[in-house]
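Okay, here's what each chain looks like letter by letter:
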Amino acid sequence: MPELGRAALIICLGLAVYALVAGAYAAVTRRRRLSGSAQNALLAAFVAAGVASAVLFAALLRNDFSFTYVADHTSRELPTPYTISAFWGGQEGSLLLWLLVLTGFSGVAVAFGRRIGADVLAWVVPVLGLVTTFFAFMLVAVSSPFETQVAPADGAGLNPSLQNPYMMIHPPFLYLGYVGLTIPFAFAMGALLARRTDEMWIVATRRWTLVAWTALGIGQLLGAHWAYVEVGWGGYFAWDPVENAALMPWLAATAFLHSVMIQEKRGMLKVWNVLLVVLAFVLALFGTFLTRSGVLSSIHSFTESPLGAWFLGFIFLIVLGSALLIGSRLPLLRSKTRMESLVSREATFLYNNLLLVALCLTILWGVLFPILSEAVRGEQITVGAPYYNFFLRIFGLPLLLLMGIGPLVAWRRASLRSLGRSFAWPAAIAVATGLVLLLLGAGSSWIGLVAYTFSAFVLGSIGYEFVRGTRARRALTGGSWVNAFAELVARNRRRYGGYVVHASIVMLAIGIAGSSAYDTVRERMLSPGQTMAVGNYDLTYERLVQRDGPNADEARAVVDVRKGGESLGTLEAGKNHYRAEDQVSNEVGIRSDYLTGEDLFVITDAINTNGTVVFKVFVKPLVNLIWLAGLVFIIGSLITLWPSAAEQRRLAERYRELRALARA
Amino acid sequence: MARPSPVRLVIALSVAAVLAIFLLYVSVAGGTPSIQPSQLKGHSGNVALVGKVVGTPQGDGHAAQGLRFDLQDVKGSATVPVVYRGSVPDQFKTGRELRLEGQLERGVFVAKRDSMRTKCPSKYTAKKDT
């Protein structure tokens, strides 16, 4: 079996090298049949990666501990779902998943990307071949999941923190996001190599970018929820390098998704868009480098493996190659149109881009600062949460405001009269919300108050846009308001789906502001029968319960919860001792109030042998809006991505126009 | 003569603003040196101390006298006694790598309350030494 896995990976590497070399030769010499053969090699590489993945899955499910990887990451006691998720629970397996997704995406992108034109596609193939070659080589020569050993009686098991349903889906979503960013990168480079600098590559990869961006966003929210319910420190994001590694490419991709609209509408920012797509891809690689190189001190345990040097070399190659290519194509990338006014839709998109990129690069600076300071001063200087929070406020609050301003401003040039008309309602809603919140005592955190006021402005602006559009649609077609609304969204899914995504970001901002600026925390040691008060809650520690779980010994403190004298039932919080792994993990107790979005969050900080328990209890207002924002984010993204016949017709027309322009 | 593009003006002003804010922040807030026990000498202010727990920890993080243990360089033999009060992560035990914030006071590293972070063995854990 391991031989089959190894052979499949070697074949995959060979096919990737063929796609790279033959594809590049075919593109230079314009040999169509050879180019087609290179494309087929990419498809075949997916089959080979699939075979290798099937071998590893089979070994995991059979508890075949002669595979070192299986023995290192599973045990006989490990429940089957976590045995499956152990596929991406270790370094080698996660790299294999990366390769599988990459080859799958490459195959689909090449098969469905033919409309972009044979000249561009011919160059896309070797770029995809290059990335695939790198990952296949890593798995063949540096970090193979098919190393074998004399099978031990049992495996080491999976880290208890990873034995959580969220960990079954969080990493795959991140990989879909990271790897998905390869496709727009490959098409951008393909277009530059083919000297096709129109927006064809953007039109062809818009869905890919959206899918990758959505997956990366969902992956991060799942990770945040996992941290919230599993890691048990009372938070959901800690600005750890691993978390930043996923956030940075998402921010770059967000900027890209906005700036491509300027290129599509006005033919501007061509260089900027290519730079953004390279930045997003390089940051995805950089995130992988960070988690595998051991160069940074993190609360996550990084492997000091030889992978880091390989990744650094590959990143250097990509940055250098992209810079040289963009530099050589600069004359072709000049915009034919120019921005007419600083008060226009495209200008607000530009401000939004600058803020997003500034936030992204500031985070990157914070991540790199320990390495740079060590190189310059001889010791590592770390910047913690205060640094990141400072810049999140500096750049995040104006970004929030711009989300409300952008949709209300006209393209090209906006007049003062039209601005006054569009801004009146959203501004009135924002001011009224701010005043009411101030009267309710929200002024205890000015950041929270500003965030809420801006959020009200954005929601007012989104609502205004929906009302204005629905009214116009109804005036045009007649019928009911509901029909007019449905037609409005269906006919312009990209725009209105985008507004729904904006609404989700506002919900996220409200949830983050509420749970971090207005939370309450209390810590006390209680004996059975004693009570502590936190916010409006009274918690009585009733008893300690010990029981056997499927793979862990469980200790739970049973707590009676009351609010304003009314009983809300009991809550259990405690610790699990995982037998195979011999590790302890916190199991928090959470009571969510879905009406107010508030959580009562109970941690048993210490369970003492005399029966006393040290409780740490948080009351987190509005925190559930963060998770609800995830659902709204998915809905918005699906609306944007959902195919429509009208859009397909527009797209086909666009392709025809662009091809005609390219020929002219 | 053609007017300069507003795009360039916006970008230039934005970059200048970002640099100004950045310099302001760095000059006001700075960062925290991240060092190991062997590098503690000469550091009188607040630092992040990284090392591994050696010996047998004594006391309790929630008691007045705190949790007491020795921290050693990850790859070295220099150690420093540590006193810590606050939440003790479940992963804390002898041999575990951890990170604390605090400062050296009369030969003892006094950690800030709740500043202990053990390295969370994530999905990329190093292979065990066997």
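Further up the page is the structure itself.
Residues numbered from 1 in each chain as written. Chains lettered and ligands numbered in written order. Predicted model: local features only at pLDDT ≥ 70, side-chain atom pairs only at ≥ 80, totals over all residues. Heavy atoms only, no water.

1. Digging into helix α19 (residues 624-641) of chain A
In an α-helix, one turn spans 3.6 residues; hence positions three or four apart end up facing the same way.
Residue and element names in this part refer to chain A.
(1) Moving on: Look at α19: 26 Å from first C-alpha to last across 18 residues, which is about the 26 Å you get at 1.5 Å a residue.
(2) Moving on: Of all the positions in α19, only N624, L625, I626, W627, A629, G630, V632, F633, G636, S637, T640 and L641 are classed as buried.
(3) Moving on: Close packing links the buried residues of α19 with α9 (200-231), α10 (241-266), α18 (493-517), β8 (589-593) and β9 (598-607). (Helix = DSSP H or I, 4+ residues; strand = E, 2+ residues; numbered from the N terminus. Expected span 1.5 Å × (residues − 1). Buried < 20%, exposed > 50% of the residue type's maximum accessible area, 1.4 Å probe, protein only. Contact = heavy atoms within 4.5 Å.)

2. Focus on the pattern of salt bridges
Between side chains of opposite charge, pairing is possible as soon as their charged atoms come close.
Residues and elements named next belong to chain A.
(1) Moving on: All told, the structure shown has 20 salt bridges over all chains when counted by the stated rule.
(2) Moving on: Across the pair R543 and E542 runs a salt bridge, and its minimum N-O distance is 3.2 Å.
(3) Moving on: Note on E542: relative accessible area 34%, which makes it partly exposed.
(4) Moving on: Between R547 and E554 there is a salt bridge, with the nearest N and O atoms lying 2.9 Å from each other.
(5) Moving on: Through salt bridges that share partners, E77, D553 and R579 make up one connected network. (Salt bridge = Lys/Arg side-chain N within 4 Å of Asp/Glu carboxyl O.)

3. Digging into the pairing of strand β2 (residues 47-59) of chain B
All names here are of chain B.
(1) Moving on: Where strand β1 (residues 32-35) lies against β2, 2 bridges are found, and the strand directions are parallel. Looking at β2, one finds that I35 is bridged to L49.
(2) Moving on: In terms of strand pairing, β2 meets strand β5 (residues 97-105) through 6 bridges, oriented antiparallel. Opposite K52, over in β5, you have E97 as the bridge partner. (Pairing = 2+ DSSP bridges.)

4. Looking at the nonpolar core
Residue and element names in this part refer to chain A.
(1) Moving on: If you look at the biggest cluster of nonpolar residues, it comprises 150 residues, and the most contacted ones within it are F135, F187, M189, W201 and I363.
(2) Moving on: The contact partners of W201, leaving out residues within four places of it in the chain, are I116, P184, F187, A188, A191, F256, N273, V274 and V277.
(3) Moving on: Counting residues in each nonpolar core, the second largest holds 27 residues, with V458, L488, Y496 and A629 among its members. (Core = buried A, V, L, I, M, F, W, Y, C linked by side-chain atoms within 4.5 Å.)

5. Thoughts on unusual backbone geometry
(1) Moving on: A positive phi angle is found at R30 of chain A, which is not glycine, with a value near 55 degrees.
(2) Moving on: When you line up the elements, R30 of chain A lands in the loop between α1 (2-29) and α2 (32-61).
(3) Moving on: Here R106 of chain B, not a glycine, exhibits a phi torsion of approximately 50 degrees, which is positive.
(4) Moving on: Within the secondary structure layout, R106 of chain B lies in the loop between β5 and β6 (108-111).
(5) Moving on: R106 of chain B gets classed as exposed once you look at its relative accessible area, which sits at 86%.

Keep in mind these numbers describe shape, not what the thing actually does.
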